[in-house]
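# Architecture at a glance
Next come the chains, spelled out residue by residue.
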Amino acid sequence: QVQLVESGGGLVQPGGSQRLSCTASRRTFSGYGMGWFRQAPGKEREFVAAISWSGNTYYADSVKGRFTISRDNANNTVSLQMNSLKLEDAAVYYCARNYRGNYYDFSSYDYWGQGTQVTVSS
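Since the model is a prediction, treat every value here as computed from it, not as a measurement.

Parameters at a glance
Residues numbered from 1 in each chain as written. Predicted model: local features only at pLDDT ≥ 70, side-chain atom pairs only at ≥ 80, totals over all residues. Heavy atoms only, no water. Helix = DSSP H or I, 4+ residues; strand = E, 2+ residues; numbered from the N terminus. Buried < 20%, exposed > 50% of the residue type's maximum accessible area, 1.4 Å probe, protein only. Areas by Shrake-Rupley, 256 points an atom, 1.4 Å probe, with all protein chains shown as cover. Lys, Arg positive; Asp, Glu negative; His and termini not counted. Charge placed at Lys NZ, Arg CZ, Asp CG, Glu CD. Phe/Tyr/Trp six-rings, centres within 6.5 Å; stacked < 30°, edge-to-face > 60°. Lys NZ or Arg CZ within 6 Å of the ring centre and 35° of its normal. Pairing = 2+ DSSP bridges. Axes fitted to C-alpha atoms, helices over the stretch in contact; angles between N-to-C directions. Salt bridge = Lys/Arg side-chain N within 4 Å of Asp/Glu carboxyl O. Polar contact = N/O pair within 3.5 Å; in protein donor to acceptor, adjacent residues only side chain to side chain. Contact = heavy atoms within 4.5 Å. Disulfide = S-S within 2.5 Å.

Helix and strand counts for the protein stand at one helix and eleven strands. For the protein, the spread of C-alpha atoms along the principal axes amounts to about 40 × 25 × 25 Å. With 122 residues in all, the protein has 44% of them scored as buried. Surface accessibility of the protein: about 6100 Å² in total, with carbon and sulfur atoms responsible for 45%. The average position of the 12 basic charges and that of the 9 acidic charges among the side chains of the protein differ by 5 Å.

In structure tokens, the structure reads:
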């Protein structure tokens, strides 16, 4: 069974940092790109960042320079380090597996985690 499990969400103040992690089974993870999306209330799910199996990274303009995606292939984990958080970064963050490249496209992801809430508030 394919399973992606996110962790690390919670409450953070504006300007603060938070690290999200997503762990998958080896069969789910190995050889695939991975991505993070987010969805705020009343908004569509949007691309945040992605990383290919070989480590190439892709970012939404809104997070470039503030967020860093990384992966640990030995432990089947992909992480999202979020710095300088803004109020508008508050959302449910989802980890997903990319199966066909085109990392910015929602339809290029076939398996999703359950999401983890990130709240940015003073």
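Glancing now at the packing of aromatic side chains. Centre-to-centre distance and the angle between the planes together describe a pair of aromatic rings. Scanning the model with the defined rule gives ten aromatic pairs in all. Feature note: the residues Phe37, Phe47, Tyr58, Tyr103, Tyr104, Phe106, Tyr109 and Trp112 constitute an aromatic cluster, connected by ring pairs. It is Arg45 that lies over the ring of Trp112; its NZ or CZ is 4.9 Å from the centre.

With that settled, the discussion passes to unusual backbone geometry. Here the phi dihedral of Asn76 falls at roughly 55 degrees; this positive angle occurs in a residue that is not glycine. Within the fold, Asn76 resides in the loop between β7 (67–72) and β8 (77–82). Take Asn76: its relative accessible area is 10%, and that puts it in the buried class. One non-glycine residue, Asn102, lies in positive phi territory at about 40 degrees. Relative to the helices and strands, Asn102 is located in the loop between β9 (91–98) and β10 (109–112).

One open sheet holds the four strands; their spatial order is β1-β3-β8-β7, and the pairing between them is antiparallel. Looking at the sheet topology across the chains shown, the edges are occupied by β1 (4–7) and β7. For this sheet, the mean inter-axis angle between neighbouring strands, taken without regard to orientation, is 15 degrees. Two elements, β1 and strand β3 (residues 18–24), share four bridges in a ladder whose sense is antiparallel. Of the residues in β3, the one forming a bridge with Val5 is Thr23.

Moving on, we get to the side chain of Arg71. Relative to the elements of secondary structure, Arg71 occurs in strand β7. Here Arg71 sits buried without a salt bridge, and the closest side chain of opposite charge, Asp72, lies 8.3 Å off (N-O distance). Here Ser52 takes part through its backbone oxygen, which lies 3.1 Å from a polar atom of the side chain of Arg71. Discounting residues that sit within four places of it in the chain, Arg71 has contacts with Phe29, Tyr32, Gly33, Met34, Ile51, Ser52, Trp53, Thr77 and Val78.

Taken as a whole and judged by the stated rule, the model has one disulfide. Across the disulfide from Cys22 sits Cys95; the S-S distance is 2.1 Å. Because the torsion about its S-S bond is -75 degrees, the bridge between Cys22 and Cys95 counts as left-handed. Highlighted residues: Cys22 in strand β3 and Cys95 in strand β9, separated in sequence by 73 residues. Each member of the pair, Cys22 together with Cys95, is buried.

Structural measurements only, silent on function.
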